[in-house]
Amino acid sequence: MECPLLRDLTRTMNDHNLSYQHGTQSKTSLNHSLANDVLVISCTCVLVTFHSFSSFDHALIGTDTQCLDTQASSQNGEPHKNLKKRRMNIFEVVECTDNFIKEPMSVVLKTFVEGVGYAGDVVKIPPMQARLDFLLPGIAEYPTPEALEWARQYQANTDIKRHSSLFSPRIIRLLRETLFSLDMNASTRWRLEPWHVRTALRCAGLVVPEEAITLPEEPIEGPDNALGKDVVVQIMINGKDEARCRLRIQSAEAKSFTVSPLDDSGTPWFMEEPVAYLDAQKEEIAELHEITVDAYERELLELREKGIGI
């Protein structure tokens, strides 16, 4: 004999294109074991759990599985008539939160972090990144009352040099660590102007307006005694932050960068010993060259640790 509860439940699921799961039992065996088990109905992102109790005899099944009244009662305050029957089925709607986007976590920075903030700032970071990259290394801590008090006193008693934006230090470091190629004509007389530098930086992926570029006071002319030599220019970021940029004058016709940064058989062109065009810039060019070499070796080591270029 077919169970009335299963018949009504099957009709409801068929109307809503639903399916049920009951362990490894089939639909036939479900008729005999439904009374003491739990039936789970899956529909979109909502889980509807169906609890069966052996002390009741009949089922109260609604036509909409997402809108079921579990607190049924009469107008005079007495229990609903269906609650007095031998069997009562209660539906519970459980919200699935596994795919919800987690809220950012607030942390107090203990030191300056490029692109994030300064020491004492309270910033919001994705939870996983905050735990792995900030809390574990010790460069940030949870916003406890003690940490917030320390941040307030630190920023009040410390003269923090703030840049025009959080990303300005990253651009300044990029300009200091990189040697840019300044391609010039090897057969025609020229004099270096800001638009030459703007074009060279644009070829490297940096957009710099001409008014932000300041050339040395001494004129730089070529091509005689200029090819293969380095010059340093000043770049103003957001009209506030100063950055020094090193460029190497090269022949546009004979330009050849065939050596890969990961090839040990040769030396990349930016690793060669620099020759300053202006004597006043010799020390600065030597310092910037060391910074470029250190950055290159550090990046090369990171790539080889990942198994690239070996």
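Here, the structure is the one placed above.
Residues numbered from 1 in each chain as written. Predicted model: local features only at pLDDT ≥ 70, side-chain atom pairs only at ≥ 80, totals over all residues. Heavy atoms only, no water.

Asker: Got a minute to help me understand a nonpolar patch on the surface in this structure?
Answerer: Taken together, the side chains of Met-128, Leu-132 and Leu-136 define a hydrophobic patch exposed on the protein surface, amounting to about 350 Å² of accessible area. With respect to the element layout, Leu-136 can be found in the loop between helix H3 (127-135) and strand E7 (140-141). On the accessibility criterion, Leu-136 (65% relative accessible area) is exposed. (Patch = residues over 30% accessible without salt bridge, like charges linked within 9 Å, V, L, I, M, F, W, Y side chains within 5 Å. Areas by Shrake-Rupley, 256 points an atom, 1.4 Å probe, with all protein chains shown as cover. Salt bridge = Lys/Arg side-chain N within 4 Å of Asp/Glu carboxyl O. Helix = DSSP H or I, 4+ residues; strand = E, 2+ residues; numbered from the N terminus. Buried < 20%, exposed > 50% of the residue type's maximum accessible area, 1.4 Å probe, protein only.)

Asker: What is the right way to look at a negative patch on the surface in this model?
Answerer: Taken together, Glu-287, Glu-290, Asp-294 and Glu-297 make up a surface patch of like negative charges. Its location among the elements puts Glu-287 in helix H7 (residues 282-305). A residue is classified by how much of its surface remains accessible, and Glu-287, at 46% relative accessible area, is partly exposed. (Lys, Arg positive; Asp, Glu negative; His and termini not counted. Charge placed at Lys NZ, Arg CZ, Asp CG, Glu CD.)

Asker: So what exactly am I meant to see when it comes to the pattern of salt bridges here?
Answerer: All chains considered together, the criterion is met by 12 salt bridges. Here Glu-114 makes a salt bridge to Arg-173, at a shortest N to O gap of 3.1 Å. Residue Glu-114 is located in the loop between strand E5 (105-109) and strand E6 (122-125), and its partner Arg-173 is located in helix H5 (residues 168-177); the two are separated by 59 residues in the primary sequence. When its relative accessible area of 35% is taken as the criterion, Arg-173 is described as partly exposed. Measuring nitrogen to oxygen at the nearest pair gives 3.1 Å for the salt bridge that ties Arg-189 to Asp-224. Residue Arg-189 is located in the loop between strand E8 (179-184) and strand E9 (190-191), and its partner Asp-224 is located in the loop between strand E11 (221-222) and strand E12 (230-237); the two are separated by 35 residues in the primary sequence.

Asker: Mind showing me how you'd approach the nonpolar core here?
Answerer: Among soluble globular proteins, nonpolar side chains are generally buried collectively. Counting 26 residues, the largest nonpolar core has Leu-201, Cys-245, Leu-247 and Ile-249 as its most contacted members. Contributions of two or more residues to this core are made by H5, E8, helix H6 (194-203), E12 and strand E13 (241-251). Every residue in contact with Leu-201, bar those within four places of it in the chain, is listed here: Phe-180, Leu-206, Val-208, Ile-235 and Cys-245. Counting 10 residues, the second-largest nonpolar core is a separate cluster that includes Val-113, Phe-134, Leu-135 and Ala-140. (Core = buried A, V, L, I, M, F, W, Y, C linked by side-chain atoms within 4.5 Å. Contact = heavy atoms within 4.5 Å.)

Asker: Mind showing me how you'd approach the sheet that holds E5 here?
Answerer: Either a parallel or an antiparallel arrangement is found when strands of a sheet pair, and the pairing is made through backbone hydrogen bonds. Here 3 strands make up an open sheet; going across it, the order is E6-E5-E7 and the pairing antiparallel. The sheet is open, and its two borders are formed by E6 and E7, each paired with just one other strand. Direction of pairing for E5 relative to E7: antiparallel, over a ladder of 2 bridges. Bridge pairing in E7 links Leu-109 to Ala-140. (Pairing = 2+ DSSP bridges.)

Asker: What's the story with unusual backbone geometry in this structure? I'm lost.
Answerer: Outside of glycine, negative phi angles account for most residues, and trans bonds account for most peptide bonds. Backbone torsion omega between Gly-222 and Pro-223 reads 10 degrees, so that peptide bond is classified as cis. Residue placement: Pro-223 occurs in the loop between E11 and E12. The phi torsion at Asn-225 lies on the positive side, around 60 degrees, for a residue other than glycine. Mapped onto the secondary structure, Asn-225 falls in the loop between E11 and E12. The exposure class assigned to Asn-225 is exposed, which follows from its relative accessible area of 62%. For Asn-238, which is not a glycine, the phi torsion comes out positive at approximately 55 degrees. Assignment of secondary structure puts Asn-238 in the loop between E12 and E13.

Asker: Explain the sheet that holds E12 here, please?
Answerer: Taken in spatial order, the 4 strands line up as E8-E13-E12-E10 in an open sheet, and their pairing is mixed. At either margin of the open sheet sits one strand with a lone partner, and together these are E8 and strand E10 (213-214). With 2 bridges connecting them, E10 and E12 associate as antiparallel partners. Bridge assignment links Ile-213 to a residue of E12, and that residue is Ile-235. H5 contacts E8, E12 and E13 of the sheet and is inclined by roughly 30 degrees relative to E13. (Axes fitted to C-alpha atoms, helices over the stretch in contact; angles between N-to-C directions.)

Asker: How do you make sense of the packing of aromatic side chains when you look at a structure like this?
Answerer: The relative placement of two aromatic rings is captured by the distance of their centres and the angle of their planes. The tally for this structure, following the rule as stated, stands at 4 aromatic pairs. Here Phe-112 and Tyr-118 contribute two aromatic rings whose centre-to-centre distance is 4.9 Å and whose plane-to-plane angle is 40 degrees, an arrangement assigned as tilted. What makes Tyr-118 buried here is its relative accessible area of 5%. Their ring planes at 20 degrees and their centres at 5.2 Å tell us that Trp-150 and Tyr-154 sit as a pair that is stacked. Within this pair, Trp-150 and its partner Tyr-154 are both found in helix H4 (residues 145-157), separated by 4 residues, close to a single helical turn. Among the residues examined, Trp-150 registers a relative accessible area of 33% and is labelled partly exposed. The exposure class of Tyr-154 is partly exposed, given its relative accessible area of 28%. Cluster of aromatic residues (ring-pair linked, three or more members): Trp-269, Phe-270 and Tyr-296. (Phe/Tyr/Trp six-rings, centres within 6.5 Å; stacked < 30°, edge-to-face > 60°.)

Asker: I would appreciate a short explanation of the environment of Met-271 in the present structure.
Answerer: For Met-271, the position within the fold is in the loop between E13 and H7. For Met-271, a relative accessible area of 18% translates into the label buried. Between the C-alpha atom of Met-271 and that of Tyr-296, which follows or precedes it by 25 residues, the distance is 8.6 Å. Excluding its chain neighbours within four sequence positions, the residues that come into contact with Met-271 are His-289, Val-293 and Tyr-296.

Such coordinate-based values are descriptive only and should not be taken to indicate function.
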